[in-house]
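Each chain, written out:
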Amino acid sequence: MREACGEPDKVSSLEEGDESWAYNSDRITVDFHKDSDFRSAVLSSSNPTITFRGHQVIGMAAEDLIDQFEQAGLDDWEEDEDELSTITDYMNDEANIEMSAEYGFITVVEIYA
């Protein structure tokens, strides 16, 4: 990760000796798990330059992005709506992807190793 992005702006200790590295200008956070020899376990980003099939992901309507994923063969999305807020999470276990949407628009994408 350091080779690709340089030194992180912030390194945080997580539970069980895991670490989280934040790259502020890139809007990327990478979590490393101790039990997997500190290989990347979760990459989370709110970077507006992320694209999927030519579409800008951050800020895209969640329904439209799910449609794009389904057209690419990624079906079986689970939806978890927080009834106390305006946030809805979308998960696809097959692709190891989780996305959060606020007011129906994607704000964060997480990819799990």
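Check the entry above for the structure.
## Considerations on the packing of aromatic side chains
Then, in step 1: Per the counting criterion, the structure on display carries 3 aromatic pairs.
Then, in step 2: On the basis of an interplanar angle of 55° and a centroid distance of 4.6 Å, the ring pair of Trp21 and Phe32 is categorised as tilted. Remark: Phe32 occurs in strand E3 (residues 28-32) and Trp21 occurs in strand E2 (residues 19-23); sequence separation between them is 11 residues. You'll find Trp21 and Phe32 in the same group, each marked buried.
Then, in step 3: Of the aromatic side chains, those joined through ring pairs into one cluster are Phe52, Phe69 and Trp77.

## A short note on the layout of surface pockets
Then, in step 1: Here the largest pocket defines a volume of roughly 170 Å³.
Then, in step 2: The wall of the largest pocket is formed by Leu43, Ser45, Ile50, Thr51, Phe52, Val57, Leu65, Phe69, Ile97, Met99, Val109 and Ile111.
Then, in step 3: Mapped onto the lining of the largest pocket, the elements with two or more residues apiece are strand E4 (40-45), strand E5 (51-52), helix H2 (62-71), strand E9 (97-102) and strand E10 (105-112).

## Brief notes about the environment of Ala61
Then, in step 1: Here Ala61 is to be found in the loop between strand E6 (55-56) and H2.
Then, in step 2: Each C-alpha atom of the pair Ala61 and Ala101 lies 8.2 Å from the other, and the pair is 40 residues apart in sequence.
Then, in step 3: Excluding its chain neighbours within four sequence positions, the residues that come into contact with Ala61 are Gly104 and Phe105.

## Notes on H2
Then, in step 1: Taken residue by residue, H2 has Ala62, Leu65, Ile66, Gln68 and Phe69 as its buried positions. Buried residues of H2 fall within an arc of 155° about the axis and therefore sit on the same side. Exposed residues pointing more than 90 degrees away from the buried face of H2 are listed as Glu63 and Gln71.
Then, in step 2: In this fold, the buried residues of H2 make contact with E5, E6, strand E8 (87-92), E9 and E10.
Then, in step 3: A positive phi of about 95° marks Gly73, the residue just after H2.

## A short note on the pairing of E9
Then, in step 1: Burial analysis of E9 places 5 of its 6 residues in the buried class, the great majority of the element.
Then, in step 2: Counted along the chain from E8 to the antiparallel partner E9, the turn is 4 residues long, and its residue Asn96 has a positive phi close to 55°.
Then, in step 3: Examined bridge by bridge, E9 and E10 share 6 bridges and lie antiparallel to one another. Looking at E10, one finds that Ser100 is bridged to Val108.
Then, in step 4: The antiparallel hairpin formed by E9 and E10 contains 2 residues in its connecting segment, where Tyr103 sits at a positive phi of about 55°.

## Some details on the environment of Asp76
Then, in step 1: Its location among the elements puts Asp76 in the loop between H2 and strand E7 (78-81).
Then, in step 2: Along the sequence, Asp76 and Asp93 sit 17 residues apart, while their C-alpha atoms lie 8.2 Å from each other.

## Structural notes on unusual backbone geometry
Most peptide bonds are trans, and most residues other than glycine sit at a negative phi.
Then, in step 1: Phi angles above zero are rare outside glycine, and Arg27 is one such case at about 55°.
Then, in step 2: By the element assignment, Arg27 lies in the loop between E2 and E3.
Then, in step 3: The backbone of Arg53 shows a phi angle near 55°, a positive value even though the residue is not glycine.
Then, in step 4: Residue placement: Arg53 occurs in the loop between E5 and E6.
Then, in step 5: Classification of Arg53 by relative accessible area gives partly exposed; the value is 47%.

What counts and what doesn't
- Residues numbered from 1 in each chain as written.
- Predicted model: local features only at pLDDT ≥ 70, side-chain atom pairs only at ≥ 80, totals over all residues.
- Heavy atoms only, no water.
- Phe/Tyr/Trp six-rings, centres within 6.5 Å; stacked < 30°, edge-to-face > 60°.
- Helix = DSSP H or I, 4+ residues; strand = E, 2+ residues; numbered from the N terminus.
- Buried < 20%, exposed > 50% of the residue type's maximum accessible area, 1.4 Å probe, protein only.
- 1 Å grid on protein atoms, 1.4 Å probe; cavity = no way out; pocket = protein on both sides within 12 Å on 5 of 7 lines; lining within 4 Å.
- Points joined across faces, edges and corners; volume = space filled by probe spheres on them.
- Contact = heavy atoms within 4.5 Å.
- Arc of directions from axis to C-beta.
- Pairing = 2+ DSSP bridges.

Geometric descriptors of this kind do not, in isolation, establish any biological role.
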